[in-house]
Amino acid sequence: MKIQPPPGPAPGQPRPRSALLRKGNLLAPACPSRTVLEHMTSRWGVLVLLVLETGTHRFSELRRAIGGVSERMLAQTLQRLEADGLVDRLAFEVVPPHVEYSLSTLGLEAAPRVRALADWIEDSLPRVLKARARRAA
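J.: I keep staring at the environment of Leu103 and nothing clicks. Help me out?
T.: Mapped onto the elements of the fold, Leu103 is located in strand S3 (residues 98–103). The class for Leu103 is buried, based on a relative accessible area of 9%. Separated by 51 residues in the primary sequence, Leu103 and Leu52 place their C-alpha atoms 6.1 Å from one another.

J.: Would you mind going over the sheet that holds strand S2 (residues 87–92) with me for this structure?
T.: Sheet strands pair by backbone hydrogen bonding; their relative direction is either parallel or antiparallel. Strands sit in the order S1-S3-S2 across an open sheet of three strands; the sheet is antiparallel. The outermost strands of the open sheet, each flanked by one partner alone, are strand S1 (57–58) and S2. Pairing geometry for S1 and S3, over two bridges, is antiparallel. Counted as the bridge partner of Arg58 is Glu100 from S3. Lying over the sheet, helix H3 (residues 43–52) contacts S1, S2 and S3, oriented at roughly 95 degrees with respect to S3.

J.: Just to check I follow, could you spell out unusual backbone geometry for this structure?
T.: Omega for the bond connecting Val95 with Pro96 falls within 30 degrees of zero, at -5 degrees, which places this linkage in the cis form. If you trace the backbone, Pro96 turns up in the loop between S2 and S3.

J.: Explain the pairing of S2 here, please?
T.: Moving residue by residue along a regular strand, the side chains alternate between the two faces of the sheet. Pairing analysis gives six bridges linking S2 to S3, with the strands arranged antiparallel. Pairing of Val87 across the sheet is with Leu103, part of S3. Counting the residues in the hairpin turn of S2 and S3 gives five residues.

J.: Sorry if this is basic, but what is going on with the pattern of salt bridges here?
T.: It is possible for side chains of opposite charge to pair when their charged atoms get near one another. Enumeration according to the criterion identifies two salt bridges in this entry. Glu53 is paired through a salt bridge with Arg115; the nearest N and O atoms lie 3.0 Å apart. Of this pair, Glu53 sits in the loop between H3 and S1 while Arg115 sits in helix H6 (residues 105–136), and the two are 62 residues apart along the sequence. The salt bridge partner of Glu71 is Arg63, with a shortest N-O separation of 3.5 Å. Taking relative accessible area as the criterion, Glu71 reaches 49% and is therefore assigned partly exposed. By relative accessible area, which is 35% here, Arg63 ends up partly exposed.

J.: What should I look at first to understand the nonpolar core in this one?
T.: Buried together is how nonpolar side chains tend to be arranged in soluble globular proteins. In this structure, Val48, Leu52, Leu62, Ile66, Leu74, Leu78 and Tyr101 are the most contacted members of the largest nonpolar core, which totals 23 residues. Listing elements by their share of this core, those giving two or more residues are H3, helix H5 (71–83), S3 and H6. Apart from the residues lying within four places of it in its own chain, the contact partners of Tyr101 are Leu52, Gly55, Thr56, His57, Phe59, Leu62, Leu78, Val87, Asp88 and Arg89.

J.: It is not clear to me how H5 should be interpreted in this structure. Could you clarify?
T.: Residues that lie three or four places apart on an α-helix share one face, since the helix turns once every 3.6 residues. The end-to-end C-alpha distance of H5, which contains 13 residues, comes to 18 Å, matching closely the 18 Å that a straight helix rising 1.5 Å per residue would cover. Taken together, the buried positions of H5 are occupied by Leu74, Thr77, Leu78 and Leu81. The arc that holds every buried residue of H5, seen down its axis, measures 100 degrees, which confines them to one face. For H5, the exposed residues set more than 90 degrees away from the buried face come down to Arg72, Gln79 and Ala83. Elements that come into contact with the buried residues of H5 comprise helix H2 (33–41), H3, helix H4 (59–65), S2 and S3. Backbone geometry just after H5 places Gly85 at a positive phi near 85 degrees.

Parameters at a glance
- Residues numbered from 1 in each chain as written.
- Predicted model: local features only at pLDDT ≥ 70, side-chain atom pairs only at ≥ 80, totals over all residues.
- Heavy atoms only, no water.
- Helix = DSSP H or I, 4+ residues; strand = E, 2+ residues; numbered from the N terminus.
- Buried < 20%, exposed > 50% of the residue type's maximum accessible area, 1.4 Å probe, protein only.
- Pairing = 2+ DSSP bridges.
- Contact = heavy atoms within 4.5 Å.
- Axes fitted to C-alpha atoms, helices over the stretch in contact; angles between N-to-C directions.
- Salt bridge = Lys/Arg side-chain N within 4 Å of Asp/Glu carboxyl O.
- Core = buried A, V, L, I, M, F, W, Y, C linked by side-chain atoms within 4.5 Å.
- Expected span 1.5 Å × (residues − 1).
- Arc of directions from axis to C-beta.

Here it is in structure tokens:
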């Protein structure tokens, strides 16, 4: 007897979260969603999205706001997020060059989700540190 998957949602209704995970097959090694996940949830990707959630910033402002990031790593992170459609880059034809970064429409959708994860980490940090200490003892 073949088991049939449950029917999909009615037209116009959102899919359940578990169906969304299966849709992209994020657990498969070759799934292209993994690349986007890596870019968004890398240490620097998260921090760039959090800073840009506050508004448009120049490269130097981003670098100052994100302590410890090198110019090279910030540039790579911005390029990846821009390629994924999460960040918009606006270059002004002036001397010296002036470039501004902001969240795209996709980035504006993604940033609150990344913020929720970052907030959970900050809220849970005392419990995480306590768990680490217990396991290290």
